[in-house]
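Now for the letters of each chain:
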Amino acid sequence: MLKRRILYFICLAVVFGINIFYVEYQIFILLVLMIAIPLASWIMFVISDIGLGLSLQINKNVAQVGSRIKIRIVKKNACNLGLVNGNITVKYTYCHTGDEFRIVVPIRPGIRKSAGATEIAADYCGNIRIGVESIEIYDCLGLFGSKKAFAGVTKVSVMPEKVPADNVDTDRINAYYDEDNEIYVKSFSDEINELREYRDGDSPRNIHWKKSSTLPDDDFIVKEYSTSINKTILIVVDTDSTEAVQDRLVRMSGIYSRAMSYGIACVDNGINGEYVVWDASKSEAVRIPFYDYNSVTAAMSTVMDIRCSSNAANKACQELYEDDTLEITTEPVVITDNR
């Protein structure tokens, strides 16, 4: 742009000088045109630059992995950008890994609402934040230009395919009991009916270890169960991803697919579930319950919002084991990389 300006002013000075020494009608007209045309171009540039507003229109906010997300960039005013050139930079970021990508979209000239269009390949599962990062515009002669930044974003969830897992390990079924705000996690299909003293023949798996810890060594408290229960499975999603960009997106896409499949399999078997994910920003494990197909999708979308961090699965499991309100007698399901 600077070179064009220098060249323009050199040409303008030459024509102006000729017009002084050789007063000719044609040279004067040329001088007027050399001033009027850039002036008109500058006016159109200013009209486009002042009050410029852009927004994104996405064809779908929930997409299936393997599809394409179509993006349309819409102008606030149809007259803006009508007679200018330039490029719009669209940035999209994967929420769980923080990986950023950019697409440069040429401005579509003309008096229309659409300023440009592009699309993103939804090759990986995850939530994607998409927005216009910046726009660079130039007048038709390339003498004037500016760059503006934008902050608005929209989110698209790229969901795994709803393919159920081959089987569900029913030994990992957990039951919840709300008495005294305590949660008992067990592998039986009964609800705790009462607590009593240990009798010969009672299974060690029925011992209430927390309450028994206050008794003498030879005394135990045993849990008795009823037959009414809300079956639940704890599913720890491993969000530990420290590889290179492409590798971690592939890895997490596979983990999300397996977690989604396991969740659907739970629902098919009439079992409720909870995804457990370590959230490094809160330094705690987040538990997201589900009970049907819609809630599985919503829960998985929430899981994909949580940023990946190191040693995530171990930290989530450790918090479950250290939770005083949670008695674990079976291991939770851990969804991790099988490679």
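Shown above is the structure to which this text applies.
Owing to the predicted nature of the structure, the values given are computational and were not obtained by experimental measurement.

Student: Looking at this structure, I do not really get the packing of aromatic side chains. What am I missing?
Tutor: Geometry of an aromatic ring pair is reported as the spacing of the ring centres plus the angle between the planes. Following the criterion strictly, the structure yields 4 aromatic pairs and no others. When the centroid spacing of 5.4 Å and the interplanar angle of 25° are considered together, the rings of Tyr92 and Phe101 count as stacked. When the centroid spacing of 6.3 Å and the interplanar angle of 70° are considered together, the rings of Tyr94 and Tyr124 count as edge-to-face. Placement of Tyr94 in strand β4 (residues 84-94) and of Tyr124 in the loop between β6 (114-121) and β7 (126-139) is noted, with a sequence separation of 30 residues between them. The exposure classification of Tyr94 matches that of Tyr124, with both residues buried. Chaining the aromatic ring pairs together yields one cluster made of Tyr92, Tyr94, Phe101 and Tyr124.

Student: Is there a simple way to think about helix α2 (residues 25-49) in this case?
Tutor: Because each turn of an α-helix spans 3.6 residues, side chains separated by three or four positions in sequence point in the same direction. Taking 1.5 Å per residue, 25 residues should reach 36 Å; α2 reaches 36 Å between its end C-alpha atoms and fits that length. Lining the buried residues of α2 we find α1 (2-21), β4, β7 and β8 (145-149). Where α2 terminates, the next one or two residues include Gly51, which has phi positive at roughly 70°.

Student: Got a minute to help me understand helix α6 (residues 312-322) in this structure?
Tutor: Where α6 is concerned, the buried positions are Ala312, Ala313, Ala316, Cys317 and Leu320. Each buried residue of α6 lies within a common arc of 125° when the element is viewed along its axis, so the set occupies one face. Residues of α6 that are exposed and point over 90 degrees away from its buried face: Asn314 and Glu322.

Student: What exactly am I supposed to notice about the environment of Cys95 here?
Tutor: Along the chain, Cys95 turns up in the loop between β4 and β5 (100-106). The exposure class of Cys95 is buried, given its relative accessible area of 6%. Between the alpha carbons of Cys95 and Lys155 there is a distance of 9.3 Å; along the sequence they are 60 residues apart. Sequence-distant contacts of Cys95, that is, excluding residues within four places in its chain, are made with Asn127, Arg129, Met304, Asp305 and Arg307.

Student: Would you mind going over a positive patch on the surface with me for this structure?
Tutor: A cluster of basic residues, Arg72, Arg108, Arg112 and Lys113, forms a positive patch at the surface. Mapped onto the elements, Arg108 comes out in the loop between β5 and β6. Judged by its relative accessible area of 32%, Arg108 is partly exposed.

Student: Explain the pairing of β8 to me, please; I cannot follow it from the model alone.
Tutor: Side-chain positions along a regular strand alternate between the two faces of the sheet. Both β7 and β8 contribute to a ladder of 5 bridges, which runs antiparallel. Across the sheet, the residue bridging to Ser134 is Ala149, located in β8. Where β7 folds back on β8, the antiparallel hairpin that results is connected by 5 residues, among which Gly142 adopts a positive phi of roughly 75°.

Student: Explain the sheet that holds β6 to me, please; I cannot follow it from the model alone.
Tutor: Each strand in a sheet pairs with its neighbour through backbone hydrogen bonds, running either in the same direction (parallel) or in the opposite one (antiparallel). Across the sheet, which stays open at both edges, the 3 strands sit in the order β1-β3-β6 with antiparallel pairing between neighbours. The strands lining the two open edges of the sheet, one partner per strand, are β1 (54-58) and β6. The mean angle between the axes of side-by-side strands here comes to 25°, regardless of whether they run parallel or antiparallel. Bridging between β1 and strand β3 (residues 68-75) involves 5 bridges; their strand directions are antiparallel. If you follow Leu54 over to β3, its bridge partner there is Lys75.

Student: So what exactly am I meant to see when it comes to the pairing of β5 here?
Tutor: Across 7 bridges, the pairing between β4 and β5 is antiparallel. Bridge pairing in β5 places Tyr92 opposite Phe101. Where β4 folds back on β5, the antiparallel hairpin that results is connected by 5 residues, among which Gly98 adopts a positive phi of roughly 80°.

Student: What should I look at first to understand the pattern of salt bridges in this one?
Tutor: A side chain with one charge may pair with a side chain of the opposite charge, provided their charged atoms come close. Scanning the model with the defined rule gives 10 salt bridges in all. One salt bridge in this structure joins Arg102 and Glu100, with 3.4 Å as the shortest N-O distance. By relative accessible area, which is 45% here, Arg102 ends up partly exposed. A network of salt bridges, in which partner residues are shared, links Lys91, Glu100, Arg102 and Glu133.

Student: Can you walk me through the side chain of Ser309 in this structure?
Tutor: In this fold, Ser309 is placed in the loop between α5 (293-303) and α6. Setting aside residues no more than four positions away along its own chain, Ser309 makes contact with Thr239, Asp240, Ser241, Trp278 and Ala280.

Student: Is there a simple way to explain a nonpolar patch on the surface in this structure?
Tutor: Residues Leu2, Ile6, Ile10, Val14, Phe16, Ile18, Ile20, Phe21 and Tyr22 make up a contiguous nonpolar surface patch of about 980 Å² in total accessible area. By relative accessible area, which is 46% here, Ile6 ends up partly exposed.

Conventions we followed
Residues numbered from 1 in each chain as written. Predicted model: local features only at pLDDT ≥ 70, side-chain atom pairs only at ≥ 80, totals over all residues. Heavy atoms only, no water. Phe/Tyr/Trp six-rings, centres within 6.5 Å; stacked < 30°, edge-to-face > 60°. Helix = DSSP H or I, 4+ residues; strand = E, 2+ residues; numbered from the N terminus. Buried < 20%, exposed > 50% of the residue type's maximum accessible area, 1.4 Å probe, protein only. Expected span 1.5 Å × (residues − 1). Contact = heavy atoms within 4.5 Å. Arc of directions from axis to C-beta. Patch = residues over 30% accessible without salt bridge, like charges linked within 9 Å, V, L, I, M, F, W, Y side chains within 5 Å. Areas by Shrake-Rupley, 256 points an atom, 1.4 Å probe, with all protein chains shown as cover. Salt bridge = Lys/Arg side-chain N within 4 Å of Asp/Glu carboxyl O. Lys, Arg positive; Asp, Glu negative; His and termini not counted. Charge placed at Lys NZ, Arg CZ, Asp CG, Glu CD. Pairing = 2+ DSSP bridges. Axes fitted to C-alpha atoms, helices over the stretch in contact; angles between N-to-C directions.

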